[in-house]
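Residue strings, one per chain:
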Amino acid sequence: MSKQNGVPSQIPPQGAKAEFYQGSVPPPAMLKDFSVVNESFPERIFKMAEDAGVRQMKQLENQELQIKLDAENRRLEIEASERLKAMEIRGRNTDSILKGLVMLVGSLAATGTVVALLYMSYVLLMADKTGYALCTASPIIGAALIAAIRFFRR
């Protein structure tokens with residue numbers, strides 16, 4: 001380099017060239033030029049290209065598996081949701097059945113109590129025509145009617 005006015009002058013490089021390639025492996029002529037610099041460069045370039053291809057294949061496989069897992073998880077979520085809804089409906093039906101059974105048993109018990117009290121009062125009235133039987137039978141009949149009214153108001 002020479003200096004003119006204290007500023008170094010640029011000399012254009014002789015024989016410089018630029019080459020570009022697209023893809024994972026350069027063309028054969030370029031690989032030959034790499035081997036001139038270092039004999040292991042072409043093989044190292046192939047190894048890097050193979051490793052990159054293997055990594056890309058694994059990524060694609062993982063993405064495919066993740067998509068399948070997501071779809072299966074979604075299917076299971078929908079199935080579980082549908083089962084839960086069915087169980088809730090069955091639970092409501094079971095509650096209704098149980099309430100109906102309780103009402104039926106209660107009404108049978110109330111009816112039985114009323115019938116028993118009425119029968120007792122009848123027996124007392126028929127067996128003994130005294131005022132004692134009337135005094136005993138009247139409250140029993142009244143209690144039976146009150147019990148029946150209270151039960152059937154529920």
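Refer to the structure presented above.
These figures come from a predicted structure and were not determined experimentally. (Residues numbered from 1 in each chain as written. Predicted model: local features only at pLDDT ≥ 70, side-chain atom pairs only at ≥ 80, totals over all residues. Heavy atoms only, no water.)

A. Representation of the overall build of the protein within the structure. When you go through the protein residue by residue, the secondary structure sums to three helices and two strands. Along the protein, helices (α) and strands (β) appear in the sequence β-β-α-α-α when read from the amino end. With 154 residues in all, the protein has 12% of them scored as buried. Once local pairs closer than 6 in sequence are excluded, the contacts in the protein between residues at least 24 apart make up 26%. Per element, the accessible surface of the protein, about 13,300 Å² overall, is 63% carbon and sulfur. (Helix = DSSP H or I, 4+ residues; strand = E, 2+ residues; numbered from the N terminus. Buried < 20%, exposed > 50% of the residue type's maximum accessible area, 1.4 Å probe, protein only. Contact = heavy atoms within 4.5 Å. Areas by Shrake-Rupley, 256 points an atom, 1.4 Å probe, with all protein chains shown as cover.)

B. Highlighting the pattern of salt bridges. For the structure on display, the rule yields six salt bridges. The closest approach of N and O atoms between Arg 83 and Glu 79, which form a salt bridge, is 3.1 Å. You can see Arg 83 and its partner Glu 79 sitting in helix H2 (residues 41-127), four residues apart, about one turn around the helix. Among the charged side chains, a network of salt bridges with common partners joins Glu 72, Arg 75, Glu 79 and Arg 83. (Salt bridge = Lys/Arg side-chain N within 4 Å of Asp/Glu carboxyl O.)

C. Spotlight on a nonpolar patch on the surface. Among the surface-exposed residues, Ile 97, Leu 98, Leu 101, Leu 104 and Leu 108 lie close enough to one another that they form a single nonpolar patch of about 500 Å² accessible area. On the secondary structure map, Leu 108 appears in helix H2. (Patch = residues over 30% accessible without salt bridge, like charges linked within 9 Å, V, L, I, M, F, W, Y side chains within 5 Å.)

D. Region of the structure containing the environment of Leu 31. For Leu 31, the position within the fold is in helix H1 (residues 28-37). Considering only alpha carbons, one finds Leu 31 and Glu 43, 12 residues apart in sequence, at a separation of 9.2 Å. Beyond its immediate chain neighbours, meaning those up to four positions away, Leu 31 contacts Val 25, Pro 26, Pro 42, Ile 45 and Phe 46.

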